[in-house]
Amino acid sequence: MSRTIYKIAEYVLTFFFIITLNFFLPRFMPGDPFTFLSSDAGDVTVTCSQAQIDRYKSYYGLDLPLKDQYLHYIGNLFTGDIGYSIYYNDDVVRIIGNRACWTVMLVVVSLILSGIIGTIIGSLSAWFRGRLFDRAAYLFLVGFSEIPAFLTGLVLLFVGGAWLGWFPLSGGIRPFTEFSSVISRTADIIHHAILPVLAMVLTRLGDFYLLSRSSMLTVLSRDYMRTAKGKGLSKPRILFGHALRNAAIPVVTRLFLSLGTIFGGAVLVENVFNYPGIGRLMREAVMVRDYVLIQGIFIFVALSVLSMNLIADILIRKMDPRIG
Amino acid sequence: MGSYTIPAVQDMSIRLTKAMRLGIVGESGSGKTTLALAIMGLLEKRASVNGSIRFAGTDLQQLSEKQRNPYRWSRIALVFQNSLDVLNPVLTVHEQIWECLVRHTTLARADAHETVVSLLESVGMAAEHGPYYPHQLSGGMRQRVLLAMALSCDPEVLILDEPTNALDAVTKTDIINRIARIQQEKQFGLIVISHELQTIARLTSRISVMYRGRIVEEGPTGTMLSLPLHPYTRGLVHASPDINPWRDMWGIPEESETSEFSESSEFSGNGGCPFVSRCCQKTDICQTRVPSLEPAAPERRVACNRGGIVTLLQGTGIHKHFGVNGTSVRACQDCCIRVRSGEAAVLIGESGSGKTTLANILSGILNPDRGDIRFNGEPVVRSRASRRKKGMQIIFQDPYSAINANLGVEQAIREPLDILGQDLPEHKTASVIRALQQVGLPVDDHFRRRKCHTLSGGQRQRIAIARALVMDPAILIADEISAMLDPSTQANILRLLKGLQNHHGFAMLYITHDLAVAQKIADWVYVMNHGKIVEQGDARQIFTNPAHPYTRKLVGQHFPEITRKTGDIPSSCVKNKPYVITRNPALAKAA
């Protein structure tokens with residue numbers, strides 16, 4: 001019981017620390033939102049007069065001392081009001097909401113795919129340790145995981161998008177199109193998502209592969225595997241009932257900890273593919289110093305990391321009776 | 001990295017008939033567990049197994065993994081060596097027993113759950129323990145679970161690998177009793193692998209002793225433990241306080257040089273007897289010849305180039321009488337006595353029973369009326385056996401008359417060496433100094449020049465002992481030597497002699513009327529009364545369960561607790577139970 005309380009306190013404290021950091025970090029960056037107001041990056045910059053800047057600052061409450069701003073921020077946060085974007089002139093929650101589903105889809109799909117594929121190849125690699133399959137898989141997957149996602153993405157874009165022309169070059173869905181049915185709409189979304197998902201799967205695969213391979217190797221050498229074999233159990237029972245149940249524990253942990261990056265995890269890939277997700281939004285928000293939006297995004301990122309940590313925590317307790 | 005193979009088990013043959021109980025004994029690393037895993041087909045792929053493992057006519061070695069599975073567990077089950085990792089950490093105890101039943105029996109899944117509960121109960125666990133995970137169990141409970149798991153499919157052969165390792169005494173006894181009872185009930189063949197002789201003694205009827213992957217001795221459990229024939233077996237028995245609770249523990253000397261290389265060359269099969277580096281009775285042939293298992297006694301086989309522990313001194317049918325004032329006193333009547341290499345035989349009896357006469361006859365000082373005495377197989381005639389190194393030495397009861405009081409200390413001790421005339425003078429002095437150190441006397445020039453008549457009785461006795469030790473004897477006959485010694489010196493001397501026994505195979509015939517000392521040092525006991533040897537046996541048997549009325553009386557006078565405790569208990573029980581001194585009668589009744 002006291003353990004649970006301790007755990008809850010730990011999460012609350014972490015959350016507070018994050019939202020505080022979240023408030024101060026953008027404010028310590030050089031520049032402010034009004035330098036960039038109504039100007040697109042790369043466009044001609046409209047410079048506001050000092051009077052205009054002061055007016056906007058007091059309008060957004062940015063002329064108050066940091067302490068008061070902070071208290072406002074905390075207070076609003078707890079009433080669910082995250083704020084109003086200075087640059088986009090829209091409610092932050094709505095902006096994030098519009099973008100979130102794209103990123104969530106991208107990250108979840110790529111993580112699940114890389115998790116499953118990585119675990120299968122990793123387990124087989126452990127089973128055939130030292131044979132050709134093991135060596136080839138090891139070389140290929142570890143090699144790929146060393147290449148950053150945006151580079152893989154660029155190569156895919158060149159080959160699959162530009163050269164072969166099989167996939168669209170950018171975006172999450174074909175713009176300005178009326179889709180006749182949900183199916184054709186979904187098909188278009190999938191068509192757009194294939195390259196970014198592939199880029200992310202290729203990068204993450206090595207991670208899951210290495211983890212499940214070493215985990216499986218450890219498990220296979222354990223005494224209880226000999227016990228299971230000695231009991232004359234069937235091969236599937238030994239593999240799935242005994243080996244995988246132990247070997248999967250660290251893999252599932254890693255999967256959920258990675259899911260924590262569900263919002264922020266695709267920044268580079270989204271920028272390469274010009275994908276309309278949170279990652280691109282974040283870059284834009286930082287470029288224009290949109291404090292409120294940055295804060296909003298970071299809060300979502302923090303919340304997702306914390307909640308996935310929590311789920312991982314609970315799940316591990318369920319899977320491994322030795323913990324908790 | 002170079003790879004090499006190490007044979008863990010070599011040329012090993014065992015036979016297990018229905019309901020037979022076989023023990024496999026050996027130190028850790030002797031290949032016991034490898035044997036068990038080979039039988040189950042569980043050795044890693046790196047290990048190669050040659051030979052055949054036949055079960056009811058089928059050679060298990062020829063079967064594929066799939067064909068082998070029906071034999072595993074349902075016909076041959078193994079209680080794995082207990083470790084934290086031996087059970088799957090993420091499955092409950094119940095589940096791990098249940099899956100065996102589901103796999104190998106025709107029980108419905110629901111019935112199997114009930115069977116698990118009754119299995120748990122049969123090994124002394126409660127049904128509530130079923131949902132426990134392995135890490136929530138103590139070592140003893142884990143052992144019980146392993147046992148329940150192995151028993152689940154009613155195997156025809158049960159192999160127990162170290163079933164009582166690291167358990168407390170109460171749990172150990174309980175588990176042993178349960179195994180014994182279940183075996184009796186179900187009549188399965190039992191193989192017990194253990195280095196704990198107490199467990200082996202209780203659970204098995206035959207023993208095979210393994211050393212470095214080979215069987216060095218085999219035979220029925222009872223006689224194997226009371227009269228081991230191989231020096232290694234004896235070493236194991238001597239190292240086990242369970243077998244004889246009084247005797248000092250002595251391990252088998254570890255070999256002086258051990259390296260991967262020498263070990264593998266020994267294993268190669270041309271290196272001679274595997275035990276040679278630790279054996280105290282090795283000869284040249286042991287370096288080159290691998291002994292095979294040969295019959296040595298009824299139902300006993302031993303693998304030793306010298307046919308097992310050699311007999312150093314054997315006296316058969318010794319008769320001696322003295323004429324006193326016209327009447328004849330029969331000091332020895334048909335006495336038979338045997339002292340084996342590395343053994344401490346103790347001759348007990350009251351004064352006047354003929355002990356000293358027998359000692360003098362055995363050492364060649366007195367001639368018997370009849371009888372045959374042999375030392376190392378050669379007849380003992382006068383001083384032939386005693387006037388040489390590695391021979392027989394006797395230390396007499398009375399140091400005053402045993403040593404010429406006018407000799408100097410060094411002179412007295414080196415006298416036998418002088419008579420022998422083999423060593424250089426400086427070697428002799430070195431021997432004298434070493435012997436003096438061993439018996440705890442000063443070694444300076446002044447002391448070595450002192451006349452013996454200036455010394456006390458105890459000091460003179462120690463000089464007599466030193467005089468025997470300079471001859472580096474193979475056997476020492478010690479006639480009541482402790483009578484003159486203070487307790488501390490006596491303890492030192494006895495430990496010295498036992499140490500020589502353990503390291504060099506030095507044997508001793510110790511003659512005493514002090515039963516407490518006898519109990520402490522004896523491996524084998526002879527009881528003498530009125531010139532006859534009335535009883536002999538291994539020390540534990542003589543002191544816990546004396547058969548002859550005279551022995552009972554003698555032991556009863558010295559240790560009233562023992563005879564009271566054992567008087568009405570059948571010998572078979574006593575053999576397997578550690579003996580307990582009960583001082584409080586009320587407690588005794590409660591027990």
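Bear in mind that the values here come from a model prediction, so they are computed numbers and not experimental data. (Residues numbered from 1 in each chain as written. Chains lettered and ligands numbered in written order. Predicted model: local features only at pLDDT ≥ 70, side-chain atom pairs only at ≥ 80, totals over all residues. Heavy atoms only, no water.)

**A few points about empty space enclosed by the protein**
Residue and element names in this part refer to chain B. Short version of the rule: Grid points spaced at 1 Å over the protein atoms alone were grouped into cavities, where a 1.4 Å probe fits but cannot get out, and pockets, open sets with protein on both sides within 12 Å along at least five of seven lines, with lining residues defined by an atom within 4 Å of a point. Grid points are joined across faces, edges and corners, and a volume is the space filled by probe spheres set on the points. The numbering of helices and of strands both runs from the N terminus, where a helix is a DSSP run of H or I of at least 4 residues and a strand a run of E of at least 2. Classification convention: Asp, Glu, Lys, Arg as charged; Ala, Val, Leu, Ile, Met, Phe, Trp, Tyr, Cys, Pro as nonpolar; all other residues, Gly among them, as polar.
This model, assessed by the stated rule, comprises eight cavities of 30 Å³ or more. In this structure, the largest cavity encloses a volume near 180 Å³. Forming the walls of the largest cavity are 16 residues, and the residues nearest its centre are Pro 231, Arg 234, Gly 235, Cys 280 and Asn 502. Taken together, the elements giving at least two residues each to the lining of the largest cavity come down to helix 9 (231–238) and helix 18 (487–504). Counted by class, the lining of the largest cavity contains seven nonpolar, six polar and three charged residues. Taken as a whole, the second largest cavity encloses approximately 140 Å³ of empty space. Taken together, 17 residues line the second largest cavity, and the ones lying closest to its centre are Ser 226, Pro 228, His 238, Arg 247 and Asp 523. Within the residue set of the lining of the second largest cavity, elements represented by two or more residues are helix 8 (221–226), helix 9 and helix 20 (539–544). If one sorts the elements of the lining of the second largest cavity by residue count, helix 9 sits on top with three residues. Partitioned by chemical class, the residues of the lining of the second largest cavity number seven nonpolar, three polar and seven charged.

**Quick look at the domain arrangement of chain A**
Residue and element names in this part refer to chain A. Heads up, the condition is: For every domain, the bounds stem from an assignment made automatically or drawn from a database. For this analysis, residues touch if any pair of their heavy atoms sits within 4.5 Å. Once two parts are brought into contact, the accessible area they lose, counted with a 1.4 Å probe and summed over both, makes up the buried area. What makes a salt bridge here is a side-chain nitrogen of Lys or Arg within 4 Å of a carboxyl oxygen of Asp or Glu, nothing more. Polar contact is defined as a pair of N or O atoms within 3.5 Å, subject to the rule that within protein one atom must be able to donate a hydrogen and the other to accept it, and that residues adjacent in sequence are counted only when both atoms are side-chain atoms.
We note that the domain assignment places domain 1 (2–78) and domain 2 (92–319) within chain A. Using C-alpha coordinates to define each centre, domain 1 is positioned 31 Å away from domain 2. At the interface, 20 residues of domain 1 touch 16 residues of domain 2. Taken over both partners, the interface formed by domain 1 and domain 2 buries close to 1,700 Å², and the fraction arising from carbon and sulfur atoms is 68%. Between domain 1 and domain 2 we count one salt bridge in total. Between Lys 7 and Asp 313 there is a salt bridge, with the nearest N and O atoms lying 3.4 Å from each other. Our count for the contact surface shared by domain 1 and domain 2 stands at four residue pairs in polar contact (both at pLDDT 80 or more). At the level of elements, helix 1 (2–27) and helix 3 (66–78) are the ones that each hand at least two residues to the side of domain 1 that touches domain 2. Sorting elements by how many residues they give to the side of domain 1 that touches domain 2 places helix 1 first, with 11 residues. Here the residues of the side of domain 1 that touches domain 2 sort into 13 nonpolar, three polar and four charged.

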